[in-house]
Amino acid sequence: PGEMVVAAYNFAGEQQWIKRPGRFASTHGFCSSPVLFEDLLIVNGDHDGDSYIIALDKTTGEVRWKFDRKYKTRSYVTPIIREY
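Below you will find a few notes about this structure. (Residues numbered from 1 in each chain as written. Predicted model: local features only at pLDDT ≥ 70, side-chain atom pairs only at ≥ 80, totals over all residues. Heavy atoms only, no water.)

For the rest of this paragraph, the subject is the nonpolar core. If you look at the biggest cluster of nonpolar residues, it comprises ten residues: Met4, Val6, Ala8, Trp17, Phe24, Leu41, Val43, Tyr52, Ile54 and Leu56. Within the second largest apolar cluster, five residues are counted, among which are Leu40, Ile42, Ile53 and Ala55. (Core = buried A, V, L, I, M, F, W, Y, C linked by side-chain atoms within 4.5 Å. Buried < 20%, exposed > 50% of the residue type's maximum accessible area, 1.4 Å probe, protein only.)

In structure tokens, the structure reads:
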């Protein structure tokens, strides 16, 4: 058990921001890819606990939105963007 860590670096390798948006525990670790969409960085936080999906501001790392997930189970799927 631990926390998810999300960080942004510029092309010179300098850290721009680092956030710990929530807990993350999984037997196999974390492997879904984050998604850049407009001004957001969207990350899948499905794990063996209180799962969530979260969007961070790609410039500052501040939480823009976070939704709890109904099923509290691990998932390694990269989020997709859809229009309804």
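A few words on the pattern of salt bridges. Tallied over the entire structure, the rule returns four salt bridges. The salt bridge partner of Glu62 is Lys19, with a shortest N-O separation of 2.8 Å. Here Lys19 lies in strand E2 (residues 15-24) and Glu62 lies in the loop between strand E5 (52-57) and strand E6 (63-68), a separation of 43 residues in the sequence. With a shortest N-O distance of 3.1 Å, Asp57 and Arg64 are connected by a salt bridge. With relative accessibility at 15%, the residue Asp57 sits in the buried group. Overall, Arg64 belongs to the partly exposed group, its relative accessible area being 42%. (Salt bridge = Lys/Arg side-chain N within 4 Å of Asp/Glu carboxyl O. Helix = DSSP H or I, 4+ residues; strand = E, 2+ residues; numbered from the N terminus.)

As a general point, the strands of a sheet are linked pairwise by backbone hydrogen bonds and lie either parallel or antiparallel. An order of E3-E4-E5-E6 is seen for the four strands of this open sheet, with the pairing classed as antiparallel. For this open sheet the edge positions go to strand E3 (35-37) and E6, each flanked by a neighbour on one side alone. The average undirected angle you get between the axes of adjacent strands in this sheet is 20°. As paired strands, E5 and E6 are joined by five bridges and run antiparallel to one another. Paired with Tyr52 across the bridge in E6 is Asp68. (Pairing = 2+ DSSP bridges. Axes fitted to C-alpha atoms, helices over the stretch in contact; angles between N-to-C directions.)

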